[in-house]
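This is what each chain is made of:
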Amino acid sequence: MIDFKEKIAKILADATNLNEKELESYIEMPKDSKNGDYAFPCFRLAKELRKAPPVIANEIKEKIETTPEEIEKVEVVGGYLNFYINKDIIFLLFLPNKIPDINKDIITKEVLNQIENNKDNYGKSKIGKGKNIVIDYSAPNIAKPFHIGHLRSTVIGGALYKIYKHLGYNVTGINHLGDYGTQFGKLIEGYKLWGKEYNIEENPIDELTKIYIRINNLCKEDEKVLEECRNNFKKLEDGDKYCVELWEKFKSLSLKEFQKVYDLLGSEFDSWNGEAFYSDKMPEVIEILEKTGKLISSQGAKIIDLEDKGINTPCIIEKSNGSTTYATRDLAAILYRARTYDFDKALYLTSYEQVLHFKQVFEVAKLLGIDKKYTDGLQHIPFGMVLLPTGKMSTREGKVIKLEDLLNEAIQRAKIIIEEKNPSLENKEEIAKKVGIGAVIFNDLSNSRVKDEIFEWDQILNFQGETGPYIQYTYVRTKSVIEKAGKIPELKSVQIKELLDEYSQNIIKLIYNFENVLKQVTEKEEPSILARYLIDLAKAYSVFYNENKIITENKDTQNARVYLTYAVGQVLKIGANLLGIEMPNKM
C-alpha cells in the first residue's frame, strides 16, 4: 500500500538532511485541493534554518527529486511546498468514483491480494519496529469502587495498546494502581475504629467504601482524626507492620474484585506496578533533585518552583510531615520506566483534571538527569469526564455507578433484545455478553476522548444508529452471505471487472485506507478515528448489499461480491478487536 506522507517525508529528508519522522509529522492535507494533495509548512523549519519560510520552500524545491508516476508536481505557495499526487492513483484517498477503470482494476487487485495474503493480520505494519511504547492506563484506586469513571482510561488505553502492537511497536501496558497515599491512612484509621462492624472478606469493595465514607466524614468534623490518618500513611511508608499488613489485605481483596471487570472488558496489562512499587525508589529522586539545587523548602515542605517555566503552582515533592506525593511517585516511575523499558513514548491516560499535575511532573522530570529522548517522549493523553446527570461522581460522597454493575446491566439488556428478535438463537448468553460489552466500549470510543460524557442508561445502551451493535450486525450479515454462498471463493476465481461499480469501489477505497487509519489513531492518540471508520465501512457495505444482488446465477458476479463481502467482514472484525470489541458469528 502506498503511504504518500511517508514518501514525501523521505523526499524532504533527502533534500534537507533533517529527521524523516519529524518531517512526516508536519505534513498536512490542504482543505482546498487547488493547493495540492499534501502540503509541507516550511515555517516549521524557519527557526532551525534561520530563513524566511518562502525562501526555505524555494530552496527545498530546487533540491528535491520526484517520480512523475507518483507525484506529478511540486509548487511553492508562500511558505508552503504543495505536492500533487498523480491523478491516475489519487482516487485511492480522494476520488474513488472519478477515475479510469484500468486504475480501479489495479488497486482492487492489490486490496484483495492484501486481504488474501494477510487475513487476520491485515493492516499490520512494521512502522513501529524497534520502537518502545509505554502506556499507563486504567489505574483504579485500591479499596474503592471500580466505577464508570474508570471506563474511559481502561478502554482508550486498551485500544491504543492493541493498535500500537498491530503496527509493530513493542508495547508495555502498565496498570499504575492507586495503592498508596493519604486515603490509605484514612482507611487504616477507619478499620481500627470500626473494622469489626464490616465483613470485608465477603464484600470487600462495598464494605471498604462504607468505612472510607464514614472516616472521611469524621475527618471533616475532627482535625485530630485527619492528622492521625496522615500519620498512618507515614507509618505505612516507614514499613510499620500493622499498617503494611492491613494495606496488603485491602490490596489483595481489591484486585480480585477488579479482575472481574477486566475479564468482562478483555483488558490486559504487562505490569501491575502501582504507586507503592516506587516507595523504595523515591529517595533517589529526592537526592537527585536536591543536587540540582532546585529543591527548596516552603512552609516545611520540599518543592520545585516552576514559575520560570510558566507554571505558577509549585510541584510538591515532600510534604511537611515527610510523606511523599503523587508527583514524587510519578517521577520515580519515569526514572524506572526509562531504565527498564527504554521508551520512545510514554503515554499517560487520565482525565483532563490532571493536566496541571503532568505539566509539573514532566517539567521536573527534566531535572532527573535522564536522556532528553525520555523527557521528550512523555505525553499526557487527557480525556473528558464521565458525569452523572446530577453532576460529578464522588467516592467520598458515595455517588458512583460501579462499572461491573453497568457491564452486567448491558449484557442483560442485550439478552432481552436477543430474546425478542431471535428467541431460537443458540449461545444467547455468550452473544449477549459480546453485544452488551461491545455497546458500552463503542459508545465510549466513538466519541472524541476530550469531550465530557453525561452517563445515561438509555443512551449508552441504545442499540440503534451508529453503535457497536450496528457494526456487529453488519459483520454477522457478511457471515450470513458467505454461509448462503456455501464458501469463500478462491481469489483466483474473482473477476475484478465485477467490482468496478460505485458501491464496490467505495468499499475498496475504505479497505485500502485501513492501515492509514490506524496510523492516524497513533498520531493523534485518538481511537475514535478507528471507531468512525468502522461505521463508515459498515454503512458502505449496507449500501453495497442493498444495491447489488450478491447471491446470483452469474457465478463470476457472485464470486466477486462474496469475496468482497469476506474482505469487509475481515476488516470489521480486525478493527473491532483492536477497539476491544468481540464479534459474534450470529445475532
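What counts and what doesn't
- Residues numbered from 1 in each chain as written.
- Predicted model: local features only at pLDDT ≥ 70, side-chain atom pairs only at ≥ 80, totals over all residues.
- Heavy atoms only, no water.
- Pairing = 2+ DSSP bridges.
- Helix = DSSP H or I, 4+ residues; strand = E, 2+ residues; numbered from the N terminus.
- Axes fitted to C-alpha atoms, helices over the stretch in contact; angles between N-to-C directions.
- pLDDT = per-residue confidence, 0-100.
- Contact = heavy atoms within 4.5 Å.
- Salt bridge = Lys/Arg side-chain N within 4 Å of Asp/Glu carboxyl O.
- Buried < 20%, exposed > 50% of the residue type's maximum accessible area, 1.4 Å probe, protein only.
- Expected span 1.5 Å × (residues − 1).
- Right-handed = clockwise from strand over helix to strand, strands pointing away.

K.L.:
Which residues make up the sheet that holds strand E3 (residues 80-85), and what are the values?
P.N.:
If you walk across this open sheet you meet the 3 strands as E1-E3-E2, and the pairing is antiparallel. What marks the edges here is a single partner per strand, and that holds for strand E1 (38-41) and strand E2 (71-77). Direction aside, the axes of adjacent strands within the sheet are offset by 20 degrees on average.

K.L.:
Outline the confidence of the model for the protein, supporting the account with residue identities and numerical values.
P.N.:
With 92% of its residues at a pLDDT of 70 or more, the protein has an overall mean of 90. Note that pLDDT drops below 50 for residues 90-102; the model gives that stretch 31 contacts with residues more than four away or on any other chain.

K.L.:
Explain the pattern of salt bridges to me, using residue names and the numbers behind them.
P.N.:
Applying the stated rule across the entire model yields 40 salt bridges. Of the charged contacts, one joins Glu466 and Lys539 as a salt bridge, the two residues approaching to 2.5 Å between their closest N and O atoms. With Glu466 in the loop between helix H17 (457-460) and helix H18 (468-485) and Lys539 in helix H21 (residues 528-547), the pair connects residues that are 73 residues apart, well separated along the chain. Using a relative accessible area of 36% as the deciding quantity, one classes Lys539 as partly exposed. Taking the shortest distance from any N to any O, the salt bridge between Lys519 and Glu515 comes out at 3.4 Å. Of this pair, Lys519 and Glu515 both sit in helix H20 (residues 514-524), 4 residues apart, which is roughly one turn of the helix. Connected via shared salt-bridge partners are Glu223, Glu227 and Arg230.

K.L.:
Just give me the short version of unusual backbone geometry, but keep the residues and values in it.
P.N.:
The general pattern is negative phi for most residues beyond glycine and trans for most peptide bonds. In this model, Asn17 sits at a positive phi of 65 degrees, which is unusual for a non-glycine residue. Positionally, Asn17 belongs in the loop between helix H1 (4-16) and helix H2 (20-26). Judged by its relative accessible area of 72%, Asn17 falls in the exposed class. Of note in this structure, Glu525 is not a glycine but carries a positive phi near 50 degrees. Tracing the chain through its elements places Glu525 in the loop between H20 and H21.

K.L.:
Explain H1 to me, using residue names and the numbers behind them.
P.N.:
Its 13 residues give H1 an end-to-end C-alpha distance of 18 Å, which sits within 8% of 18 Å, the value for a rise of 1.5 Å per residue. The elements touched by buried residues of H1 are H2, E1, helix H4 (53-63), E2, E3 and H20. Positive backbone phi, approximately 65 degrees, marks Asn17, located one or two places after H1.

K.L.:
Outline the pairing of strand E4 (residues 132-136), listing residues and values.
P.N.:
Along any regular strand the residues' side chains alternate between the sheet's two faces. E4 sits mainly inside the fold: 5 of its 5 residues count as buried. Both faces of E4 are covered, namely the face carrying Asn132, Val134 and Asp136 and the face carrying Ile133 and Ile135. The pairing of E4 with strand E5 (residues 170-174) spans 5 bridges and is classified as parallel. Bridge assignment links Asp136 to a residue of E5, and that residue is Ile174. Following the backbone out of E4, through helix H6 (residues 151-166) and into the adjacent parallel E5, one traces a crossover that is right-handed. Examined bridge by bridge, E4 and strand E9 (residues 345-351) share 4 bridges and lie parallel to one another. Across the sheet, residue Ile133 finds its bridge partner in E9, namely Lys345.

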